[in-house]
Amino acid sequence: MALMKKVWAVAWIVLLFGALHVNGEEDNPCRHPEDRREGDGITGEITILATQTVKLEGQCGSSVDICSIAKGAVNYNDTVRQKWKCGVCGDRLASTRPADHDVTKSASHYPGGGDGPVTGAGTYRVSVSAGCSCCGKSDSTIVTVVIEHTFDETADCNVSLLWFDDPSSSDDKPRPNASPNCPYTESQAKMQNLCYQTGRCKILRVCTVCGEEDRSGSDKIENSKSVRTTKKNCEYILTQTVGCKHTKNTKNFTIVVQHDGETLGIGSRERSCNYVGAPGEYSVQEKNITIPVGATKKFNVAFAEKILGDHKYTEYKCRRCNLDTEFETPLQVSHSPEAELPPSPGSGELVDPQPPIPYDIRFDSSGDTKVTFKYLCESKSYDEITHEGKTFYDVTVPGCSDGKAGEYEFNVKVMTVGSLTVTSGYETGAGSSEDLPELDENDPQPSMHYYVGAYKEETADKPAEWETILLAEPTPSGEWPDGKPTWKRYPKVSGIDPIFTVDSDNPGQAIVHPDVGTYVFVARCEEESQSINACSC
């Protein structure tokens, strides 16, 4: 008996557990009769799905039931169910569709309201509801119904164009200014008009169903301008396009700005001149010459061109607006060098300021001097210069920076006797002019008085005594000119002088073997027939 109690206890536990497990599932009703079930409420919803705009074409001329169309465009989900439970044990039973459940759609439109048909094109908003009266469940939405025209487009165009270059003499014809005065800008060029346009061009739209016209389209006329500069603020090309797709044209118009007398810019020296000189025909040929005072020499220089300089101008400007405009190709003006005649004689003197070449120059002053020939490159004025079709007046073209293209100098040493002295043994003292021999008119009076012994010739037992050495020194210092100095002694002698000899190796030195008496010696460095710059002792 005890064993049976235990078995039943296990069976009961198992059955009780199984019943609880089965009754936990709604779709597994209990085993009580079905007529014992009881209603346990309504669950679920009616949900309208998303809708799109409904467009209707070709129906603008007839009556359209837009509410029916909108309802037909609406779909919904219906999850409404009748819930049940067992009236005996209270278990939940499987739900079912309610017996009287019937979902219906209703619609009304606006503007206007109601559910009747509409006539004419337009956009209508239709309120659509889906619901069931038995359960009270419902949902609603708005459906947009568009009844569209079926338009056919035709052109309504009466555009007329009158261009500036039309042969017509109409007062309406534009007359743009082709040569305005400066200053003139690109924006001013764009303000000019090349075309006079009249009429309009519209698209006429007519519905092929109901015949309604749509004139809301705007004019389709283009009027555009552009300006292109071909020369900086000097020449513009104005391009204008006017018209519609039926009547359209594009014209160009050249505007050349008139400036007030262009002037050349400053420019820059491209190259400097280089002329090389050399002694010319009939001229002294040495660059360095030594001559006696009073000499006249011929000078001439021939210059040869090595480089001809020029001045480059890259731009020009307007006197009125001061606008700089670049040349397409720079203007290069060659220098115009020319010889400076007569030359600069230094301390000399031109015998004739304008002689035929060569030039005779006389030098009456001793010292170092220069005779300079220059090939000048100075500024040159032109009445006019034309370049790239433009003429520039009163142009002054600069020359080389130092004003000369070449130079050649003769270095001239004009020499005279600076002093005449005795370099051998002597004594000095004051002499009497009454003791002097008679001198020629042009000879100077002695500057120094020397007392020397009478010359004694060499004997067998004695050397010669009292040989007197005279030394003439030049001024400026240097080598004596050829044949200079010249010597003279008083009292004069004819033929070979027995007591006076000039050193053949040094023409400025003389050897004297005087007897007892008074002598005067004169040294000269001058051109023949001159009577200046001599020394005597």
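What you are looking at is a predicted structure, and each value in this text was computed from that prediction instead of being measured.

A separate point is the overall build of the protein. Within the protein, the secondary structure is distributed over three helices and 42 strands. Its C-alpha atoms give the protein a radius of gyration of 67 Å, more than 25% over the compact-globule value 24 Å for 537 residues. Reported as C-alpha extents along the three principal axes, the dimensions of the protein are approximately 200 × 110 × 35 Å. Every one of the 537 residues in the protein was classed for burial, and the buried ones make up 34%. Within the protein, contacts between residues separated by at least 24 positions form 68% of all contacts whose residues are at least 6 apart in sequence.

Now for the sheet that holds strand β15 (residues 201-207). If you trace the three strands from one edge of the open sheet to the other, you get β12-β15-β16, paired in antiparallel fashion. Of all strands in the sheet, those bounded by a partner on one side alone are β12 (151-157) and β16 (213-214). Where β12 lies against β15, seven bridges are found, and the strand directions are antiparallel. Looking at the pairing, F151 lines up with C207 of β15.

Before going further, it helps to examine the pairing of strand β27 (residues 324-334). Strand direction decides the pairing type here: strand β26 (residues 310-318) and β27, joined by seven bridges, are antiparallel. When the bridges of β27 are listed, D310 appears paired with S334. What sits between the antiparallel neighbours β26 and β27 is a turn of five residues, in which N322 has the positive phi angle 60 degrees.

It is worth spelling out a nonpolar patch on the surface at this point. On the surface, a cluster of nonpolar side chains totalling about 280 Å² of accessible area is made up of Y426, V452 and W466. Looking at where W466 falls in the secondary structure, it is placed in the loop between β36 (450-451) and β37 (468-475).

Looking now at the state of the cysteines. Here the structure, examined in full by the defined rule, presents zero disulfides. This cysteine, C157, is not joined by any disulfide, and C244 carries the nearest cysteine sulfur, 3.6 Å off. Take C157: its relative accessible area is 29%, and that puts it in the partly exposed class.

Rules and cut-offs
- Residues numbered from 1 in each chain as written.
- Predicted model: local features only at pLDDT ≥ 70, side-chain atom pairs only at ≥ 80, totals over all residues.
- Heavy atoms only, no water.
- Helix = DSSP H or I, 4+ residues; strand = E, 2+ residues; numbered from the N terminus.
- Rg over C-alpha atoms; globule rule 2.2 N^0.38 Å.
- Buried < 20%, exposed > 50% of the residue type's maximum accessible area, 1.4 Å probe, protein only.
- Contact = heavy atoms within 4.5 Å.
- Pairing = 2+ DSSP bridges.
- Patch = residues over 30% accessible without salt bridge, like charges linked within 9 Å, V, L, I, M, F, W, Y side chains within 5 Å.
- Areas by Shrake-Rupley, 256 points an atom, 1.4 Å probe, with all protein chains shown as cover.
- Salt bridge = Lys/Arg side-chain N within 4 Å of Asp/Glu carboxyl O.
- Disulfide = S-S within 2.5 Å.

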